[in-house]
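The residues making up each chain are set out below.
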Amino acid sequence: ESFAHVEIDRETDPARLAALAEGMESVLRQVRAAVEDWPAMRLRTQAIVADLAQAPPPLDPAEVAEARAFLAWTEDHRFVFLGYREYALTGDDAEPDRLEPIPGTGLGILRDQELPRRARRLPPRVRELARVPQLLVLTKANSRATVHRPSYLDYIGIKTFGPDGDVTGERRFLGLYTTAAYTENPRAIPIIRQKVEHVLRRAAFPRGGHDAKALVEIMEVYPRDSLFQITTDELFEAAMGILGLGERQRLKLIVRRDAYDRFLSCLVFVPRDRFNTENRERVGAILTEAFGATRLDWDLFISESVLVRVHYVLWCDEAPPPQVDEAELETRLKRAIRSWTDDLRDALVGEEGEEAGTQLLRRYQAAFPPAYRADWIAAVAVGDIRRLEELPASDGLLMSIYRPLEARPGAVRCKLFSAAGVTLSDVLPTFEHMGARVTDERPYAITTADGITAWIYDFGVTCAGHGSFDDEHVRETFEAAFLAVSRGELENDGLGALVLGAGLTGRQITVLRAVDKYLRQAGITFSDQYIERTLLGHPAIARLLVELFEARFDPERAERDDAEPLAAAIEQAVDAVESLDEDRILRSFLSVVRAVVRTNYFAVGDDGAPKSFLSFKLDPALVPILPLPRPQLEIFVYSPRVEGVHLRGGRVARGGLRWSDRPEDFRTEVLGLMKAQMVKNALIVPVGSKGGFVVKRPPAGGGREALQREVLECYQTFLRGLLDLTDNIVGGEIVPPPQVIRYDDDDPYLVVAADKGTASFSDLANAVSAEYGYWLGDAFASGGSHGYDHKRMGITARGAWESVKRHFRE
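One structure accompanies this document, and this report is about it. Computed from a predicted structure; not experimentally measured. (Residues numbered from 1 in each chain as written. Predicted model: local features only at pLDDT ≥ 70, side-chain atom pairs only at ≥ 80, totals over all residues. Heavy atoms only, no water.)

**Details of the sheet that holds strand β9 (residues 263-271)**
As a reminder of what qualifies: Any two strands between which DSSP finds at least two bridges are classified as paired. Helix and strand definitions here come from DSSP, where helices need a minimum of 4 consecutive H or I residues and strands a minimum of 2 consecutive E residues; each element is numbered from the N-terminal end. Axis angles are defined between N-to-C directions and span 0 to 180 degrees, where every axis is a line fitted to C-alpha atoms and, for a helix, only to the segment in contact. We call two residues in contact whenever any of their non-hydrogen atoms come within 4.5 Å of each other.
One open sheet accounts for four strands, arranged β8-β9-β11-β10; its pairing is antiparallel. Both outer strands of the open sheet, β8 (252-257) and β10 (295-302), are each paired with one neighbouring strand and no more. The mean inter-strand angle of the sheet, taken between neighbouring strand axes irrespective of direction, is 15°. Where β8 and β9 come together, six bridges link them in antiparallel fashion. Considered in β9, the bridge of I254 is made with L267. Across the sheet, helix α8 (residues 232-245) touches β8, β9 and β11 (307-315), and the angle it forms with β8 is around 175°. Along the sheet, helix α10 (residues 326-337) makes contact with β8 and β9, crossing β8 at roughly 135°.

Shown next as structure tokens:
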């Protein structure tokens, strides 16, 4: 005796315990029966072989000989005999064609005492084949073996014939083919060898040729169970179909029906790069549904080929549908295993053409991570690829706002494309400052074939306050403003919400932002946050202020008669504001807009794009909140990197520009210096002037050299802002600056001198003068390589000494 110790989870249900015990006992009885009767079953095989030799049935002798050889082959340790029984084919008018077990013939698992002695009425398809004069029946039983290994039982039937050649019954063996049967060359196995030779003769390929060798290899690796069961014609069609498939990476389906309609054998060839568990299960589910199967088995064969073969066996309780469009079924399977990359290939070629689409596919076919493929169809990826390709020419950042069909009202999604990646801390404040609320985020890292990684961030966005994303123009404006903020072209503050709240563009908001910064320098008593809340609380007035500014200075307008009606409308709207503080703020904005006499807002650079900075010249006498004394002329320059002011006591005035370290009140500093310059220049024909600028974004690293470079850039921006609004003299004629509307008289005189922090900048200032073709040339800035160094010569001290001498003379 041998003992097996088996542990299972604790089970207390008496019925299940009883079923478990009965099942184990039944298996043990079948094992005992199979082992005890195994010698007898081998003897029965030998007896049948001898019987076929001595009294062959009235069939083709070659068929009989091959059947004898096959049975002898199985008996030679190629078949594990588990059961045997003989049946008589009987029938009458009431029950035609039924197989009745012959008592006393059962062996192994088919012992009489194991199964009831009863006749079984044959299904229609089996009844048709029962009387076919075919000696051997090789198929699969529809139950699994409980002995040896849990595979479906192999069925070997040997029909018996009467003197007239009619089928009279069947001798049936149940068991399992051994490993030797599966590894032996099929050209050495009786029955199978005939099929192989027939296929080779019918194919008529030259022996030893490539096609003949390939055909032999196909049949050698063909599922061995199917080789036993398949007909010669079916094998030819299947083998030639596989040969025709070659190494082409496409799916192919080959279906073979069991002769008795109990199961179907389906060979599915799948491209290796498409084979995975998900696709295998998806194909199996489609086949199961198409044929009405109740059970599914599969087997896998992987070789060096670019194709993977999956053998599905579909078991059916009832006969499968007689008519299944296998071509349409194959098409369904192709769609089922179709990869996201396949869809991407078709979409790219369809949108970009074959050549460009193929090039992009090579670059992006493996670039998108699984999360992206799960969230987006390939057609969407084509648009994203276009944006990714545009990143290098777009400073590494792009945005696209879209509305999904399933989005609730007021909600949109926003895709941010970044070459270097961003963090939530980078982008969330910008969204919030622009009046949007981020509800969720999905990041995707896109790594192309050449190893370059870019990022796509998909944000869920809703409007946090006034306005909405419903209008497409507003979405485009929001995108442009957001990107401008990200590139540093616009400041990231609460006024950005006017994009949604007032429908203004980022550049239009710059007008209000510049006026806001000027009012802060002018000494307005309200904080930036309060001013922002006031403008956001009155978006219609904010928009009217911008419209008034544009109406006054747009050079494309033929008439400017609408400026005063706009100003009157603003005053009327401000009159309706209940808060006195908000009233003062809004009137201060209106006073500055009215006081502006020139601006470079509509001027463009050499590239045709608007200037990155805004400057306006104004009449200080028209701004009530300005402290005394008020200069005669004033220019304010604004950009996200620099702010500066230039104050003049007269049209012909001299004075230096300084680099100020007082960002909160540099105008107050410059105003005091201008007053001193007025006194200092009392003996000089030009009156006094003074200017100053602050660096708003000093570099975080790089040390003194990086800071110096930033100062120089800001200094030049400040000078360009001044010269943008200054008339020139060409050929003795006054030439106004281009794209600048003037509300003041000719004003061609502007000179700057060195001051604190800018003593060595004179050459740089004169270079800017030359850039503008300014009529003063290198007289624009005193000192430098081609002028007097007034510090070294002590010109200021000499002027003081001349003043003392004149005083004593008088």
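Next comes the rest of the write-up.
**Points about the state of the cysteines**
Where we set the bar: Disulfides are defined in this document as cysteine sulfur pairs within 2.5 Å. Residue burial is assigned from relative accessible area. The probe radius is 1.4 Å, only protein chains are included, and a residue is buried under 20% of its type maximum, exposed over 50%, and partly exposed in between.
Applying the stated criterion across every chain, the model contains zero disulfides. Cysteine C414 shares no disulfide, and the gap to the nearest cysteine sulfur, in C463, comes to 14 Å. A relative accessible area of 2% means that C414 is categorised as buried.

**As for the side chain of T717**
Examined against the element boundaries, T717 turns out to sit in helix α24 (residues 703-723). Non-local contacts of T717, meaning those with residues more than four positions away in its chain, are made with F613, V637 and V642.

**Considerations on the pattern of salt bridges**
Which entries qualify depends on this criterion: Salt bridge, as used here, is a side-chain nitrogen of Lys or Arg placed within 4 Å of a carboxyl oxygen of Asp or Glu.
Evaluated as defined, the whole model comprises 62 salt bridges. With a shortest N-O distance of 2.3 Å, E75 and R42 are connected by a salt bridge. One end of the pair, E75, is in helix α2 (residues 61-75); the other, R42, is in helix α1 (residues 14-54), and 33 residues separate them in sequence. By relative accessible area, which is 13% here, E75 ends up buried. With a closest N to O distance of 3.1 Å, D233 and R202 form a salt bridge. Placement of the pair is D233 in helix α8 and R202 in helix α5 (residues 192-203), with a sequence separation of 31 residues. For R202, a relative accessible area of 39% puts it in the partly exposed group. Taken together, the salt bridges that share partners define one network made up of R598, K617, R648, R651, D727, R742, D744, D746 and D747.

**A few points about the environment of R274**
Counting through the fold element by element, R274 comes out in the loop between β9 and α9 (277-291). For R274, a relative accessible area of 16% puts it in the buried group. Through-space distance from the C-alpha of R274 to that of A145 is 34 Å; in sequence the pair is 129 residues apart. When sequence neighbours within four positions are dropped, the list of residues in contact with R274 reads N279, I337, S339 and D342.

**Regarding the sheet that holds strand β14 (residues 436-447)**
As summarised here, the arrangement of the four strands in space is β12-β13-β15-β14, forming an open sheet in which the pairing is antiparallel. The sheet is open, and its two borders are formed by β12 (397-402) and β14, each paired with just one other strand. For this sheet the average axis-to-axis angle between neighbouring strands, irrespective of direction, equals 20°. Along the sheet, helix α16 (residues 472-486) makes contact with β12, β13 (411-418) and β14, crossing β12 at roughly 155°.

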